[in-house]
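These are the residues of each chain, in order.
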Amino acid sequence: MRRTCAALLATSALMSPALAEMLPVEKDELKFGFIKLTDMAPLAIAYERGYFFDEGLFVTLEAQANWKVLLDGVISGQLDGAHMLAGQPLAATIGYGTQAHIVTPFSMDLNGNGITVSNEIWEQMKPNIPKMEDGRPQHPISASALKPIVDEYNASGRPFNMGMVFPVSTHNYELRYWLAAGGIHPGFYSPEDVSGQINAEAFLSVTPPPQMPATLEAGTIYGYCVGEPWNQQAVFKGIGVPVITDYQIWKNNPEKVFGLTAAFVEENPNTTLAITKALIRAAIWLDENDNANRPEAVEILSRPNYVGADYDVIANSMTGFFEFEKGDRRDIPDFNVFFRYNATYPFYSDAVWYLTQMRRWGQISEAKPDSWYDEVARMVYKPEIYLEAARLLVDEGLADEADFPWDSDGYKAPTPAEDIIDGIAYDGKQPNAYLESLTIGLKGAQKVVGSEIQG
Amino acid sequence: MTTVDPDFAAKEAKQARRERLFTRINKADAWLKVLGLGWITTMVKAAAGDNPKAQMKDIWQLFCVPILAIVLFLTAWGTLAPKVQTSLGAVPGPAQVWEQAVALHEDAQAKAESARVFEERVEQRNQRLIDAGRADEVKDIAYTGAPSYYDQIWTSIQTVFFGFLVATVVAVPLGISAGLSVTANAALNPIIQIFKPVSPLAWLPIVTMVVSAVYTTNDGLFEKSFLVSAITVTLCSLWPTLINTALGVSSIDKDLVNVSKVLKMNTYTKITKLVLPSALPLIFTGLRLSLGVGWMVLIAAEMLAQNPGLGKFVWDEFQNGSSDSLARIMVAVLTIGIIGFLLDRLMFTIQSLFTFTNNR
């Protein structure tokens, strides 16, 4: 009896995250930044469930005021890494806005954003939206329902202002995508004019995510595109109505990434692996057993030092449904995907999509060959680190071999036309052909000069 | 004639005790007044049986009126607040704010508990490393979780004192030289006039950039964010001390200055024996103003730069937008007010210590 006990103890000591397998990390005290959004969940979970600790990492998580402060923190080394907009490492690496080589071994999630308009605009939009049999508006709602209102604003000389969170944010591109698909021009960027409002019908400006509801309430903007919980917050506060989620704009679109400087990754290869391992474990936990752990995750996120919004507000999008108009709850089980569908694998094709949008709206002012898109994607996205971390986890019995795309060439299968709101398929291997197929936006060798499109 | 009143000695002793008691009360009074607790004296006096009628008026004015005012304020707050509807719900009344104060205290206790668990785990890890023969990797790691409300208060207080001390070290010598020499005054005056009205929020970006550029060591003595907040406080709390010191020094009695000339004092003796003692009351007035300004500036700087402290707490809660946020922000507002008051009292006490005897 005593012997079996001893044997049990020995095995359980081995079962518990074994110290012997801990990578010899170069730097063990780390500080990561995040923005108060539900998609920072992998960081909070990796901390709270001790996954960082298991890897021998002592991590401090710190909320940042806005995306610019966060990016500057990573570049200056004040932060070792951060929850980032996928566009940020790409833009920084190609020198748009700021110049710094930032890389990502880990994609944080799929979907998770929405577009909200103020109550007043919603009332004006409603007549333009076909109804379902039960009287509720039919989804997905196209921006063409908004078009007459924007036209009216323009005709009477009032600017139609909308908010997004950063010039190279997913939200900027998603809002532009939705507007353009509905025939509303969101305006171009040019090297001389970085406001992004050249020839615009709807004027987009930057507001930090948590301030979106307050800015909408103040009447500065009539609508915005932001991550959760700031769309649901508008519903709870009764100040706005989400009209569409990014899941409906593009099914399972890539979202945030975890960004580190290339210098950090080079100097601390084991630390980078250890971080990636902890984050993959957190992502697995978040999606395990059909989102069974989500309520617990929501409780953690609702703590003031993480997202801090009320439990019910966060729970709405995290536990499988989304509330549009007050009371109009609809099931969207994949609203926030953290691990399924290879959500955490940093696909080159995701990077290429962001680059095509930068080109489409003039942030990349000159035409680039298809090979350039691939090169930049490979400079920034590091699936090789991801797979190495995944291999270690599989060997430790902490992850399932079948969950990872071992043989991927880094490109997702092309997204079929029916998964995107305007019915235009996306193939990451042919960025220029994709740009040609989009209706509004720069194509071929076109350039924005002053307020003219040349070429 | 030897008839002795049997009670005489006892009466005498009682009278003496009474006298001593009142002397003591009066002595304590000076201190209590410094601490803003003057009303205690009157109550003690009344309790000791000193002309209750005269004391009643004092008690009424020093104790009852303030209490009544506070009660009135709380009632007005309690009745008016729920009538203002915001998108986060009604503005919280005193009861909800108290509730959140308690919640914050409980939260701090929970955090202390998780810090303890953290330390335990670090210890276990270190033990296992030692067992595995990797003793060189053993490390003591500070708790990496979120700071509690008390931690935030403590951070803010440390920051304000650090910034204030630096400001004092810079401002007092500069002020003395400006007060002593017309040339120095002429040189400093335009700079003071221009920089004095600059808002802390204008300094902040410059300070942030300069600190990031200059202070590049990652494992230095101070956190960068701490330095940024503290230097911003310094830049804004410099001026009251500087101006008051200069004023205090330049308005020394001319006779004293003449005496110093007669005695052929050197500059150092002149400053320490003559200038400082007579300028002290005004220097302290400047310091009190400086600390007050510094405290106000610090909260704003922390809010804007997201540096740890009470300001960050307020901003984080504003961003959270949870249903408790408004009440929590109000707890912070009251805390900031109370600490500001205590800081002022502290400076006043120190001032009284230095200037009790030589009130000129």
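Computed from a predicted structure; not experimentally measured.

## A word on the overall build of chain B
The secondary structure content of chain B amounts to 12 helices and two strands. The secondary structure elements of chain B, listed N-terminal to C-terminal, are α-α-α-β-β-α-α-α-α-α-α-α-α-α. For 360 residues, the compact-globule estimate of 2.2 N^0.38 gives 21 Å, and the C-alpha radius of gyration of chain B, at 28 Å, exceeds that figure by more than 25%. For chain B, the C-alpha atoms occupy an extent of roughly 95 × 60 × 60 Å along the three principal directions. The proportion of buried residues among the 360 residues of chain B is 36%. A sequence separation of at least 24 residues applies to 69% of the contacts in chain B between residues at least 6 apart. Of the roughly 20,800 Å² of accessible surface on chain B, a fraction of 67% belongs to carbon and sulfur atoms.

## Some thoughts on the UniProt feature "transmembrane region" (unreviewed entry) in chain B
Residue and element names in this part refer to chain B. Here, the residues flagged by UniProt with the feature "transmembrane region" (unreviewed entry) are residues 60-80, 160-182, 194-215, 227-253, 274-305 and 325-343. A helix fraction of 100% and a strand fraction of 0% characterise residues 274-305, whose end C-alpha atoms lie 43 Å from each other. A helix fraction of 100% and a strand fraction of 0% characterise residues 325-343, whose end C-alpha atoms lie 27 Å from each other.

## A few points about the interface of chain A and chain B
Listed by partner, the interface residues are 35 residues for chain A and 31 residues for chain B. Taken together, the two surfaces of chain A and chain B that pack against each other cover about 2,800 Å², and 48% of this comes from carbon and sulfur. Summed over the shared surface of chain A and chain B, the result is zero salt bridges. Where chain A touches chain B, the interface holds eight residue pairs in polar contact (both at pLDDT 80 or more).

## Describing the nonpolar core
The biggest cluster of nonpolar side chains holds 148 residues, and the ones touching the most others in it are Phe52(A), Met125(A) and Trp178(A). With 11 residues, helix 13 (residues 269-291) of chain A is the largest single contributor of residues to this core. Both domains that furnish three or more residues to this core are identified here as domain 1 (5-111 + 254-403) and domain 2 (113-253) of chain A. Judged by nonpolar contacts, the second largest core, of 38 residues, contains Val97(B), Tyr149(B), Ala279(B) and Leu280(B).

## A short note on unusual backbone geometry
Residue and element names in this part refer to chain A. Pro140 follows His139 through a cis peptide bond whose omega is -5°. Relative to the helices and strands, Pro140 is located in the loop between helix 6 (119-125) and helix 7 (147-155). Omega for the peptide link from Glu228 to Pro229 comes to 10°, which places this bond in the cis form. The residue Pro229 is located in the loop between strand 8 (223-227) and helix 10 (230-237) in this model. Its identity as a non-glycine residue notwithstanding, Asn111 has a phi of 60°, on the positive side. Residue placement: Asn111 occurs in the loop between strand 4 (102-107) and strand 5 (113-118). The class for Asn111 is buried, based on a relative accessible area of 0%. Even without being a glycine, Asp290 presents a positive backbone phi close to 55°.

## Some words on the environment of Val117(B)
Along the chain, Val117(B) falls in helix 4 (residues 94-131). Separated by 201 residues in the primary sequence, Val117(B) and Phe318(B) place their C-alpha atoms 30 Å from one another.

## Details of the domain arrangement of chain A
Residue and element names in this part refer to chain A. In terms of domain boundaries, chain A breaks down into domain 1 (5-111 + 254-403) and domain 2 (113-253). Here the C-alpha centroids of domain 1 and domain 2 sit 27 Å apart. In this assembly, 49 residues from domain 1 lie in contact with 53 residues from domain 2. Carbon and sulfur atoms supply 66% of the area that domain 1 and domain 2 bury against each other, a total of about 4,200 Å² over both sides. Seen at the junction of domain 1 and domain 2, the total is two salt bridges. Among the salt bridges present, the one from Lys126 reaches Glu325, with a minimum N-O distance of 3.0 Å. Where domain 1 meets domain 2, there are 18 residue pairs in polar contact (both at pLDDT 80 or more). Within the residue set of the side of domain 1 that touches domain 2, elements represented by two or more residues are helix 4 (67-76), helix 5 (87-94), helix 15 (311-318), strand 11 (321-323), strand 12 (329-331) and helix 16 (348-360). A class-by-class count of the residues in the side of domain 1 that touches domain 2 yields 24 nonpolar, 11 polar and 14 charged.

## Focus on the pairing of strand 3 (residues 81-84) of chain A
All names here are of chain A. Here strand 3 shows a buried face lined by Gly81 and His83 and a second buried face lined by Ala82 and Met84. Sheet topology places strand 1 (residues 29-34) next to strand 3; two bridges connect them, and they run parallel. Each residue of the ladder has a partner; that of Gly33, found in strand 3, is Ala82. Note that strand 3 and strand 10 (residues 257-261) share three bridges and pair antiparallel. From the neighbouring strand, Met84 faces strand 10, where its bridge partner is Val257.

## Some words on the sheet that holds strand 6 (residues 160-164) of chain A
All names here are of chain A. Taken in spatial order, the five strands of this open sheet run 7-6-8-5-9, and their pairing is mixed. A single partner strand is all that each edge strand has here, and the edge strands are strand 7 (202-206) and strand 9 (240-245). Recorded for the sheet is a direction-independent mean angle of 25° between the axes of neighbouring strands. As judged from the two bridges shared by strand 6 and strand 8, these two strands associate in the parallel manner. Counterpart to Met162 in the pairing with strand 8 is Gly223.

Conventions we followed
- Residues numbered from 1 in each chain as written.
- Chains lettered and ligands numbered in written order.
- Predicted model: local features only at pLDDT ≥ 70, side-chain atom pairs only at ≥ 80, totals over all residues.
- Heavy atoms only, no water.
- Helix = DSSP H or I, 4+ residues; strand = E, 2+ residues; numbered from the N terminus.
- Rg over C-alpha atoms; globule rule 2.2 N^0.38 Å.
- Buried < 20%, exposed > 50% of the residue type's maximum accessible area, 1.4 Å probe, protein only.
- Contact = heavy atoms within 4.5 Å.
- Areas by Shrake-Rupley, 256 points an atom, 1.4 Å probe, with all protein chains shown as cover.
- UniProt positions renumbered as here; feature names shortened; annotations may be inferred.
- Buried area = accessible area lost by both parts, 1.4 Å probe.
- Salt bridge = Lys/Arg side-chain N within 4 Å of Asp/Glu carboxyl O.
- Polar contact = N/O pair within 3.5 Å; in protein donor to acceptor, adjacent residues only side chain to side chain.
- Core = buried A, V, L, I, M, F, W, Y, C linked by side-chain atoms within 4.5 Å.
- Domains from an automatic or database assignment.
- Nonpolar A, V, L, I, M, F, W, Y, C, P; charged D, E, K, R; others polar.
- Pairing = 2+ DSSP bridges.
- Axes fitted to C-alpha atoms, helices over the stretch in contact; angles between N-to-C directions.

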